[in-house]
Structures are given as structure tokens and as C-alpha cells.
Amino acid sequence: MKLVRFGLENNERPGVVDSKGKIRDLSSVISDLEGDNLSPESLEKLKAIDIEKLALAPSDVRLGPPVTGVRKIVCVGLNYRDHAEECKLDIPEEPLLFMKAASSISGPFDDIVFPKGSEKGDWEVELGIVIGSKATNVEECSADKYIAGYCIVNDVCERAFQLEHGGQWCKGKSADTFAPIGPWLVTTDEIKPDSLPIALNRNGERMQDSNTKHLIFNVAQLVSYISKYMTLETGDIIATGTPGGVGLGYIPPKYLKPGDELELSISGLGVQRQVVRFN
Ligand SMILES: O=C(O)C/C=C\CC(=O)C(=O)O
């Protein structure tokens, strides 16, 4: 299933994409795409529904993030070799984790708005894992049981806030609109995450072009590893890291400018588009 949330910001309804690519309204079936509604049992029940009988959403409706009630976004840094190299940093021996505020989440086509004082806006296309069952201390071999599905995440950054103001990376990663998610949450029965082309264009120019097969730590390893340090709860998102080609990696760096357009894609997970604004 390709699950979505549609409607005005903070007033979205749950939906599902039908065989013709149209959005069907799931709000008569579930309250929203959050918490226990993402469990394997709930998703099995949704799969059994004849979705073609559900009401159609308006064709031009806004898409919000495809999951809500997210309590944490756990991010993995330097998880592609070429990205670690462009940052002139060593390949991590263990997953390098940092947090992104859940309040940074926005819809896949919403504008990215850099806060006052921003100068070094940057992009990072990433494979997102959405947790479907509470996971504490799980083994790699059973990690897939705890995953509801996958989505695209843009791990938007302000590099000066991240790297030039002391402390941890979260300062440059957590402003409102810094985590466009979606367009779809694709359930695990429809997609395998191991070898998916992943790319980002800026104003039509290809900046990032890779494949999830180049992840240093793969999906099962990450779920297992993170669950040993914290409980992963339903709706939590893991952003698995970005490949080479971020603005910071160019000489000189190519940071975002007002009006820039970003297009992010991962095969099977759809396409995101954002316009960049600065406050
Ligand atoms: O240069 C550094 O110290 C790190 C820069 C970027 C890494 C990053 O943000 C990531 O998500 O990976």
C-alpha cells in the first residue's frame, strides 16, 4: 500500500493511493496514520479493504507528511562512503546517530523556509524507515517485523548552525520545515529497501545520484543498532543517511538560494518537490 495524508496543514486525513494513482479517503476506516494504526495487524486489516469503494480525494489536494504523531526522528550521519569523503571525515565504524526535532516535519511539496540568520542552506535526500511496532533491543534478523514501511526524507540542514555554533548537529537540522516527508509511506510488502536508486535535483541539475545498496549500515542493522540504545516507538522515523553530492561537499560549497527548487526521488517511493524560501 501507498499510504498518504491529504488536506490542509494540521488538518490532514488518512488516505491510500488506488490502482489508478488516485487518492482514496481512509478516514471512515482509521482515525489517522499514527501509533497503533501502523502495527502489522492494523496494516493487514487495511490491506483487506476494497479501496476502490472509498471516496476519492480532490485531485489537486495538498499532501501532508504520510505519518503523524511522530515522537522522534533518529538520523544516521555519514552512512554513504562518498558522503563521508566529501565531508573529509572517516568512515564511521559504528552508526553515527543524531536527532532531528519532530517539529521539523513538513509535507513533501511544502516550501522549505530557512529561519532568520540562515546563510548555508543545504539538502540531503534519504531513505526513511517508519517504525510500526515498539522495538527495544531487537536482533537484525527480526528487524523487518518492526517496520511499517519506507518514505523519502529530505534532511534539510543549515550548515553554519550545524557546524559553526558549537555543540551537536541538531541545531542545524531541526528548524520548522527541515524534514519534508513523503509523498507516500510505502508498506514493506510493496518494497524492498536494499537496492533503490536515490537522487536529488536542484533547479533541474542532478546533485545526488546513488543507490541504497551503497548504505554502509543497512536497514536491518540500523533498526537493531538503534533499538539497543533507545526504544523505537510506532511512527518514529529513522533517516538512514545521505549519499555524496550535498552543497557542503562542493568546492566552493553550493548552498541554497531563495527560489531554488529541489526534486527528490527514490525508486518506488515517489517524488518530493520543494521551493526554498528564507525568512
Ligand atoms: O562536516 C561535518 O562535520 C559533517 C557534515 C555533514 C554530515 C551530515 O550532516 C550528515 O547528515 O551526514
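Placed above this text is the structure.
Residues numbered from 1 in each chain as written. Predicted model: local features only at pLDDT ≥ 70, side-chain atom pairs only at ≥ 80, totals over all residues. Heavy atoms only, no water.

### Things to note about the packing of aromatic side chains
1) Next: Here the structure, examined in full by the defined rule, presents 4 aromatic pairs.
2) Next: Taking 4.9 Å as the distance between ring centres and 20 degrees as the angle between the ring planes, the aromatic pair formed by Phe114 and Phe278 counts as stacked. Remark: Phe278 occurs in strand β19 (residues 270-278) and Phe114 occurs in strand β8 (residues 112-114); sequence separation between them is 164 residues.
3) Next: Judged by relative accessible area, Phe278 falls into the partly exposed class, the value being 25%.
4) Next: Seen in terms of ring centroids, Tyr225 and Tyr229 are 5.1 Å apart; in terms of plane orientation they differ by 45 degrees. Their pairing is tilted.
5) Next: Overall, the relative accessible area of 18% leaves Tyr225 in the buried class.
6) Next: Given the relative accessible area of 56%, Tyr229 is considered exposed.
7) Next: By way of ring pairs, the aromatic residues Phe114, Phe178 and Phe278 are connected into one cluster.
8) Next: Of note, Lys2 hangs over the ring of Trp184, and the distance from its end group to the ring centre comes to 5.3 Å. (Phe/Tyr/Trp six-rings, centres within 6.5 Å; stacked < 30°, edge-to-face > 60°. Helix = DSSP H or I, 4+ residues; strand = E, 2+ residues; numbered from the N terminus. Buried < 20%, exposed > 50% of the residue type's maximum accessible area, 1.4 Å probe, protein only. Lys NZ or Arg CZ within 6 Å of the ring centre and 35° of its normal.)

### A short note on the nonpolar core
1) Next: Ranked by internal contacts, the top residues of the largest apolar core, which has 41 residues, are Ile129, Tyr150, Val223, Leu232, Ile238 and Leu269.
2) Next: For this core, the elements supplying multiple residues, two or more each, are β5 (73-77), β8, β10 (125-131), β11 (147-154), β15 (197-202), α4 (219-227) and β18 (261-266).
3) Next: Residue contributions to this core peak at 5 residues, all from α4.
4) Next: Beyond its immediate stretch of four places on either side in the chain, Tyr150 contacts Leu127, Gly128, Ile129, Trp184, Leu185, Val186, Thr188, Ile191, Pro193, Val219 and Leu269.
5) Next: Core analysis: the next-biggest nonpolar cluster, separate from the first, contains 26 residues, Ile30, Leu33, Ile105 and Val130 among them. (Core = buried A, V, L, I, M, F, W, Y, C linked by side-chain atoms within 4.5 Å. Contact = heavy atoms within 4.5 Å.)

### Here we look at the environment of Thr240
1) Next: Assignment of secondary structure puts Thr240 in the loop between β17 (237-239) and β18.
2) Next: Taking relative accessible area as the criterion, Thr240 reaches 0% and is therefore assigned buried.
3) Next: Separated by 114 residues in sequence, Thr240 and Glu126 have C-alpha atoms that sit 6.1 Å apart.
4) Next: Ignoring anything within four residues of it in the chain, the contact list for Thr240 reads Val76, Asn79, Glu126, Leu127, Ile129, Leu215 and Leu222.
5) Next: In this structure the side chain of Thr240 is engaged in a polar contact, spanning 2.7 Å, whose partner is the backbone oxygen of Leu127. (Polar contact = N/O pair within 3.5 Å; in protein donor to acceptor, adjacent residues only side chain to side chain.)

### Overview of helix α1 (residues 40-47)
1) Next: Those residues of α1 that fall on the buried side of the exposure criterion are Ser42, Leu43 and Leu46. Along α1, the residues classed as buried sweep out an arc of 95 degrees about the axis, all on the same side. Along α1, exposed side chains directed more than 90 degrees from the buried face belong to Glu41 and Lys45.
2) Next: Where α1 is buried, its residues contact β1 (2-6), β11 and β14 (185-187). (Arc of directions from axis to C-beta.)

### A closer look at the site of the ligand
1) Next: By nearness alone, 14 residues border the ligand, and His83, Glu124, Arg159, Gln162 and Lys173 come closest of all.
2) Next: Note that an oxygen atom of the ligand is positioned 3.1 Å from one of the backbone N or O atoms of Leu78.
3) Next: Starting from 350 Å² of accessible surface for the ligand in isolation, the protein chains cover 90%.
4) Next: For the shell around the ligand, the leading source of residues is helix α3 (residues 159-163), giving 3 residues. (Near = heavy atom within 4 Å. Areas by Shrake-Rupley, 256 points an atom, 1.4 Å probe, with all protein chains shown as cover.)

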